[in-house]
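Letter by letter, the chains look like this.
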Amino acid sequence: MKLSDEVTLLRANIDNAKELHAMQVKAFKELLEKYQDFDTSPANENVEKVEARLKQDFTFYYFICIGQQKVGAIRIVDKKENEKNKRISPIFILPEFQEKGIAQKAIRLCEEIHGNGNWELDTILQEPKNCHLYEKMGYRQTGKTKVINERLTLIFYEKKEAEIAWN
């Protein structure tokens, strides 16, 4: 795998549930250990939860690929309703591929597929690299936060059509 290879998205389906789940657990394991958010961490979800999402007609799961290699995944919740936000939940890159600009490219591809405006997501306030990524891409803090435990607070972001940033 070369990072010069193009980042592409490959639509996942119900047959990919176990593979998606295994990647998700691996990608979020370190954050689960750090924050002990057992009730909310994607690393602590069972495969049935991934399967249930894959069966939703408004869920779009994509493997994030470099060349032929799957390096992460992103789930888009898109109910295709005007004035309703589309949601990224979750996005993850396997640890050995993080901090290479892959997530940014994957989000851009999803915005091209599902439309540029009206997006929302949340991330861990205590993870400044995550917050920086989303803010660099034009997402703005909504002011809403949710305390999960004494270690972890979720911070909510949105991106409206007029705020699209092409960095």
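It should be noted that the structure appears before, not after, this text.
Residues numbered from 1 in each chain as written. Predicted model: local features only at pLDDT ≥ 70, side-chain atom pairs only at ≥ 80, totals over all residues. Heavy atoms only, no water.

The subject of this paragraph is the nonpolar core. Counting 43 residues, the largest nonpolar core has Ile64, Ile74, Ile88 and Tyr139 as its most contacted members. A total of seven residues in this core trace back to one element, the largest contributor, which is strand E2 (residues 59-66). Leave out the neighbours within four places in its chain, and Ile74 touches Leu9, Phe60, Tyr61, Tyr62, Ile64, Ile88, Pro90, Ile91, Ile107 and Cys110. (Core = buried A, V, L, I, M, F, W, Y, C linked by side-chain atoms within 4.5 Å. Buried < 20%, exposed > 50% of the residue type's maximum accessible area, 1.4 Å probe, protein only. Helix = DSSP H or I, 4+ residues; strand = E, 2+ residues; numbered from the N terminus. Contact = heavy atoms within 4.5 Å.)

This paragraph deals with the packing of helix H1 (residues 17-35) against helix H2 (residues 47-54). In a packed pair of helices, the relevant descriptors are the angle between the two axes and the axis-to-axis distance. At a minimum axis distance of 9 Å, the contact between H1 and H2 shows a crossing angle of 125°. When the axis of H1 is compared with that of H2, the two are oblique. Classified by chirality, the crossing of H2 by H1 is right-handed. Mapping the contact onto sequence places Ala17, Lys18, Leu20, His21 and Gln24 in H1 and Val47, Val50, Glu51, Arg53 and Leu54 in H2. A class-by-class count of the residues in the contact of H1 with H2 yields five nonpolar, two polar and three charged. (Axes fitted to C-alpha atoms, helices over the stretch in contact; angles between N-to-C directions. Parallel < 35°, antiparallel > 145°, perpendicular 65-115°, else oblique. Left-handed = near helix turned anticlockwise from the far one by under 90°. Nonpolar A, V, L, I, M, F, W, Y, C, P; charged D, E, K, R; others polar.)

This brings us to the state of the cysteines. For the coordinates displayed, the defined rule picks out zero disulfides. Here Cys110 stays unpaired: no disulfide links it, and the sulfur of Cys65, its closest cysteine neighbor, is 12 Å away. In this model Cys131 remains outside any disulfide bridge; the closest cysteine sulfur is found in Cys110, 20 Å from its own. (Disulfide = S-S within 2.5 Å.)

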